[in-house]
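# Architecture and fold: a report
For reference, the chains in residue letters:
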Amino acid sequence: MDDSAVSDTNTARSLPSPRPGRSPVPGQVFCWLLGCACPVCSVWPRPWCAHFAPRVLFSRPPKSVDAASLLREASSSSWKGPSPGSTTRHIKSQFLRDAGVPRCRGVARLFSTCHARHRDKRLPIPKLEDSVRRYLNAQKPLLDDDQFRKTEEIARRFESGIGRELHKQLVAQDKQNKHTSYISGPWFDMYLRARESVVLNFNPFMAFNPDPNAEYNDQLTRATNMTVSALRFLKTLRAGYLEPEVFHLNPAKSDTEMFKKLIRFVPSSLSWYGAYMVNAYPLDMSQYFRLFNSTRLPKFNRDELFTDEKAKHLLVLRNGNFYVFNVIDGDGNIVKPSEIQAHLKYILSDSSPAPAFPLSYLTSENRDVWAVLRQKLLDNGNEEALHKVDSAVFCLCLDDFPIKDLEHLSHVMLHGDGTNRWYDKSFNLIITKDGTSAIHFEHSWGDGVAVVRFQNEVFKDSTQAPAVSPQSQPAAVDSSQAVQKLDFNLNDALKTGIAKAKEQFDAAVKSLTLDSIQFEKGGKELLKQKKVSPDAVAQLSFQMAFLRQNGQTVATYESCSTAAFKHGRTETIRPASIYTKKCSDAFLREPSKYSIEDLQRMIMECSKYHSQLTKEAAMGQGFDRHLFTLRYLAMSKGMPLPDFYQDQAYAQLNHNILSTSTLTSPAVQFGGFAPVVPNGFGVGYAVHDNWVGCNVSAYPARNVKEFLQCVHQSLEDIFCVLEGKHISK
């Protein structure tokens, strides 16, 4: 159950405790700058004296201090205070705009991101009886009475028999592995042992909004600015200045300036609990280090995650060709933006034709097939070039065409043509000819929470503090010397492998349909006025739509982050319930039988139950991950698979025909992913203030356009009822 194979090797070290008269250690300099001597005992800096323990949970560092140089100076025995040049514009070019040096009282608490990570509350293992009860509740809308009685009987036998023994073993293992969560190891294993292609089966995309300043959407300008902002994020993260994001279950109480001020005066030993008392949960950040210099490597039976934080180069793909150049200098500073701009301009002007056998297709292959072909690549003299690809800070993909419409955008960002992506990189930053941009990410290393945080920061920084403007002139440097074009030696076996991978890739993406709608008759503002959950209404519309289109209720999956806990990943919300089924039936089959008040009451019941499921999932009290891990434990011990997992109803519940995921962000235009089963829908959605967006994918077994029409009609009916209007059958 240990996930040491993928653990962060850069574990934070505790800061030494100073004594009166002792030289300052890195971090104490910040308190000296703010004149924070303790008024009781005159010990400085006061965060380390007995009278003033660190007291800030959510502190924001002051701006315009060159933290890196201050740390170097503070480590020196000759340090005598900040140098005159340390408060310069240099910090603005190296770190995110709102990051810098932690404030005095927050130094010990937020000195590094890693420190916050190690304090995270552990993911709880639900009680077995609770998981079985929730499992049966999720089965009720999917089964008839006879099927449900059979499934309930099997579940109760499991609960009192082998399930109880497996649960005890899981609890014992969890107590022995307090450095992680019970789901982390099995979840990594699930991803890394999957042999299907990562393209369509796992990797999603999230598209950036355009830069609000239209002229900055020029491809070269935006590529330079986003690259620099991504590097600023990297430096801010690794310096330990990136504040944990906070999940607010009750934002009216915790996401306020008043709370942040009050928590500063709570003793450090109690402040964490003070946050939990108002349901504010700083999110786990253990996944973040895999954002950079990381790649999923194909191996036979089980892949590996590779990270090399010493590498300083960027990988750029254009027209199927590979280029690398350093974006971090020998001192660990970001290369001048004008130089990065010059190198990207050089690459964009390169007239080299696309390779006859584009290597990128191999990353779309079955993982075992790709593992064999990768070994052939290594054996054929490509080890150095592959290492450059694997260790690059990230992959920047420059496409030579503009985006036509939203459907085209989804296809380009979700899969592209296979030649200009490296699907195994932790993420690809894709920028097209017209500046349309997106993140395409490999899913095994982490989840959407980390990627969205990165995306938010990059968008904010690149638009509010751009490194270059459209009028900026690239540096007068010799890019032909700085930029290295990677060449790969391919024998006949590799060429055949690439040709076969291309054929399979083309067939797979050709079978995928993507389409989207925007419902503009209402959104979050109206729903909150009516005191219903926006997410619950969106999910109810999907249940109604599928019932309208197909006449049945099916297994539905909604992803929910458990990053409020150490090494949390995700939990499943099961939106299909007896409440959504009853409400959908009433709306579609007998609307005239019910009054407006009756229909409104049903919507409220759906909202209340969905909100309950969401809170339970976010707090680690879902059932899917618990039951998954018990199954994993039984298989890892070579035990016969319990009858519970052989029940057809269990298989049906985990055949997620409706796979859904939502996010709303000022940086993100929309996102998408492929269905998780051949006869399913992949539903990416977002409820905005005054409209609802929905981006849906499917293979030929399902009709996307018709489903979206049904979603639109369902939303229209729901909003009509909430506004007190009658609906027609």
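Here, residues in each chain are numbered from 1, in the same order as that chain's written sequence. Local features in this predicted model are restricted to residues whose pLDDT is 70 or higher, and side-chain atom pairs enter the listing and the counts only when it is 80 or higher, whereas totals over whole chains, interfaces and linings include all residues. Computation of side-chain values: all heavy atoms of the structure, hydrogens and water removed.

The name an unreviewed UniProt entry assigns to the protein chain is Carnitine O-palmitoyltransferase 2, mitochondrial, from the organism Alligator sinensis. Entered under Pathway (unreviewed entry) in the UniProt record, the comment concerning the protein chain runs "Lipid metabolism; fatty acid beta-oxidation." UniProt positions are given in the numbering used here, feature names are shortened, and annotations may be inferred rather than shown by experiment.

Turning to helix H16 (residues 383-391), a few remarks are in order. Taken together, the buried positions of H16 are Ala385, Leu386, Val389, Asp390 and Ser391. A contact between two residues is defined here by any heavy atoms of the two lying within 4.5 Å. In DSSP terms, a helix is any run of H or I states spanning at least four residues, a strand is any run of E spanning at least two, and both are numbered starting from the N terminus. Taken together, the buried residues of H16 touch strand S4 (294-297), strand S5 (304-307), strand S6 (313-318), strand S7 (321-326), helix H15 (367-379) and strand S11 (484-486). Per-residue accessibility, obtained with a 1.4 Å probe over protein chains only, is compared with the maximum for each type, and a residue is labelled buried under 20%, exposed over 50%, and partly exposed between these values.

Another point: the packing of H15 against helix H20 (residues 492-510). Every angle, taken between N-to-C directions, lies between 0 and 180 degrees, and every axis is a line fitted to C-alpha atoms, over only the stretch in contact when it is a helix. With their axes 10 Å apart at the nearest point, H15 and H20 run at an angle of 145° to one another. Crossing hand, H15 versus H20: left-handed. Residues Leu373, Lys376 and Leu377 of H15 lie in contact with H20, whose contacting residues are Ala493, Leu494 and Gly497. In terms of residue class, the contact of H15 with H20 is made up of four nonpolar, one polar and one charged. Crossing chirality is assigned from the near helix's rotation relative to the far helix, an anticlockwise turn below a right angle marking it left-handed and a clockwise turn marking it right-handed. In this classification, Asp, Glu, Lys and Arg are treated as charged, Ala, Val, Leu, Ile, Met, Phe, Trp, Tyr, Cys and Pro as nonpolar, and every other residue, Gly included, as polar.

Once that is clear, we can look at the sheet that holds strand S18 (residues 692-698). Paired strands, as defined in this entry, are two strands with at least two bridges between them according to DSSP. Sheet architecture is open: six strands sit in the order S12-S18-S17-S15-S13-S14, paired in mixed fashion. Lying at the two open borders of the sheet, with one neighbouring strand each, are strand S12 (513-519) and strand S14 (570-573). On average, each strand axis in the sheet is inclined to that of its neighbour by 25°, with strand direction left out of account. Contacts from helix H17 (residues 406-414) reach S12 and S18, with the element oriented near 130° to S12.

Those residues carrying the UniProt feature "active site" (unreviewed entry) are His443 in this numbering. Note on His443: relative accessible area 16%, which makes it buried. Those residues in contact with His443 that lie beyond four places of it in its chain are Tyr191, Phe202, Asn203, Pro204 and Arg569.

Where helix H22 (residues 534-550) contacts helix H23 (residues 578-589), the axes come no closer than 9 Å and their chain directions differ by 55°. Relative to H23, H22 is oriented oblique. Crossing angle aside, the handedness with which H22 passes H23 is right-handed. For the pair H22 and H23, the contacting residues are Leu540, Gln543, Met544, Leu547 and Arg548 in the first and Thr580, Cys583, Ser584, Asp585, Phe587, Leu588 and Arg589 in the second. Considered class by class, the residues forming the contact of H22 with H23 number six nonpolar, three polar and three charged. Angle categories: roughly parallel below 35 degrees, roughly antiparallel above 145, roughly perpendicular from 65 to 115, and oblique for all the rest.

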